[in-house]
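# Notes for the structure review
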Amino acid sequence: MSDVAPLPTAGAHDGGVAHEIYPLGLKVAGRLVVVVGGGPVAARRARSLVEAGARVRVVAPDACEELSVLARVSAPGAVELVAHAYRAGDLDGAWLVHTATGSSAVDQQVADDAERARVFCVTAGDASVGSAWVPAVARTALTDDAEVTVSVTAGRDPRRATAIRDAVAAALQTGTLPLRRHRPSTTGTGRVWLVGGGPGDTGLITAHGRTVLAQADVVVIDRLGPRALLHELSPDVEVIDVGKTSGNHPVPQHEINALLVQHALAGRDVVRLKGGDPYVFGRGGEELAACHAAGVEVEVVPGVTSAVSVPAAAGIPVTHRGVARGFSVLTGHDGAADVPGGPDHTLVLLMGVTRLAETADALVTADRPADTPVALVEDGFGPRQRVTVGTLSDIAERATAVGVRPPAVIVVGAVVRLSPAWAQQAR
Ligand code: SAH
């Protein structure tokens, strides 16, 4: 038995079986491509050819509105509209031909003329007529100088190809495919993305956040944030854990800044993966400034902040018609009592567990009613998620009784009554 597959018999004219297609990317820029036909299919083909830089000659007795617009808005000379029915000679000078006339007889004639002229011809209606196919295409722009193009053909079933293309495009856009570059960037310097990872659940990072994560050579991660995503990274991605615990900062901020800069200058693409949003008590602004100061390009990818999403996990909307008209987000460390307003202005306190008793007292002293509802939401979206409710007068005691631990978000205001926990805990 031979392990060499027999070569298929060549057959330019019986077109169509999959192994007879030779996939190829064409540089059409500056080259003449003829499109025969004046309808919407011809218009679509013409537009993508113009986008690829081709000179396009459209041959059709009547061109649809889309084609006239294309000719008007394209660079001078990019689109030539030839207003007559197809005739011999129209293909002169062409590198490639598309025919989409709606008439199989005309398409066949164009394909035959193209064959004689040794020009590849794509036929819109019947893929078996003509000598080339257009695949279903998805393009994703990655870093500034890169684009991934996925082209799919699926035998004679273009809709199957489109469906597969769509699935691959979705995977590209959600960062579930390996997108890292394997050639150094042209500048020799990597980029930094400050990515908001959301409050911890892997479903709450943005699609863009996942796409950049899939491109990272180095990931610098906090304790909070979607750590489970790290398992999906390829084993050669360097993960640096700079996780902070309350009152204990293993890696000081200036060292984190230096790490980002140092890796980027060494040519690596760096994702700084943070919990929540980078700009909500995330020191994203400092990291951005450090990168800028070193001439490193940096992009901020916003995230779902715990300040809004963790209350939501407990069924608490931070604003609610007739209940709360606004909200303030503060740390538990400073100045919550200075925020004006009563129970109709929601206070959201981050990093506030250790000082809860002091904060609650200060709020009452500053004229908030002692019976203002308070919720403590621990480990929002995580396995330990728990909601404890009380009022400014008793929340500290209740928190101690159940052993509340960080991370937790504290919500103060009338909206807390909307939480199922408020009814359950028998207020
Ligand atoms: N940049 C982050 C906040 C960083 S400060 C954001 O936008 O969410 C860290 C604090 O956020 C924690 O002390 C806690 O108050 C809160 N936090 C973050 N994730 C949380 C979670 N999953 N559950 C409860 N609190 C959380």
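Our subject in this report is the structure included herewith. Everything quoted here is computed from the prediction, not taken from an experiment.

Within the protein chain one finds 11 helices and 17 strands. Relative to the globule expectation of 22 Å for 427 residues, the C-alpha radius of gyration of the protein chain, 31 Å, shows a markedly less compact shape. Per-residue burial over the protein chain gives 44% buried out of 427 residues. Considering only intrachain contacts with a sequence separation of at least 6, the fraction spanning at least 24 residues in the protein chain is 58%. Here the protein chain contributes 38 positively and 45 negatively charged side chains, and the mean placements of these two sets differ by 1 Å.

For the rest of this paragraph, the subject is the side chain of Lys274. Relative to the assigned elements, Lys274 resides in strand β11 (residues 270–274). Ignoring any residue separated from it by four or fewer positions in sequence, one finds Lys274 in contact with Val195, Gly196, Gly197, Gly198, Asp222, Leu224, Gly225, Pro226, Gly282, Arg283, Gly284 and Glu287.

Sheet architecture is open: five strands sit in the order β13-β14-β17-β15-β16, paired in mixed fashion. Looking at which strands have only one partner, the edges of the open sheet turn out to be β13 (326–331) and β16 (386–391). When strand polarity is set aside, the average angle formed by the axes of neighbouring strands in this sheet is 20°. Against the sheet, helix α8 (residues 306–313) contacts β13, β14 (345–350), β15 (373–378) and β17 (408–412), and its axis sits at roughly 80° relative to β17.

Inspection of helix α9 (residues 356–365) places Leu356, Thr359, Ala360 and Leu363 among the buried residues, and these make up the whole buried set. Buried residues along α9 cover an arc of 100° about the axis, so they all sit on one side. Turned more than 90 degrees away from the buried face of α9 sit Glu358, Asp361 and Thr365, all of them exposed. Trailing α9 by a residue or two, Asp367 shows a phi angle of about 85°, which is positive.

What counts and how
- Residues numbered from 1 in each chain as written.
- Predicted model: local features only at pLDDT ≥ 70, side-chain atom pairs only at ≥ 80, totals over all residues.
- Heavy atoms only, no water.
- Helix = DSSP H or I, 4+ residues; strand = E, 2+ residues; numbered from the N terminus.
- Rg over C-alpha atoms; globule rule 2.2 N^0.38 Å.
- Buried < 20%, exposed > 50% of the residue type's maximum accessible area, 1.4 Å probe, protein only.
- Contact = heavy atoms within 4.5 Å.
- Lys, Arg positive; Asp, Glu negative; His and termini not counted.
- Charge placed at Lys NZ, Arg CZ, Asp CG, Glu CD.
- Pairing = 2+ DSSP bridges.
- Axes fitted to C-alpha atoms, helices over the stretch in contact; angles between N-to-C directions.
- Arc of directions from axis to C-beta.

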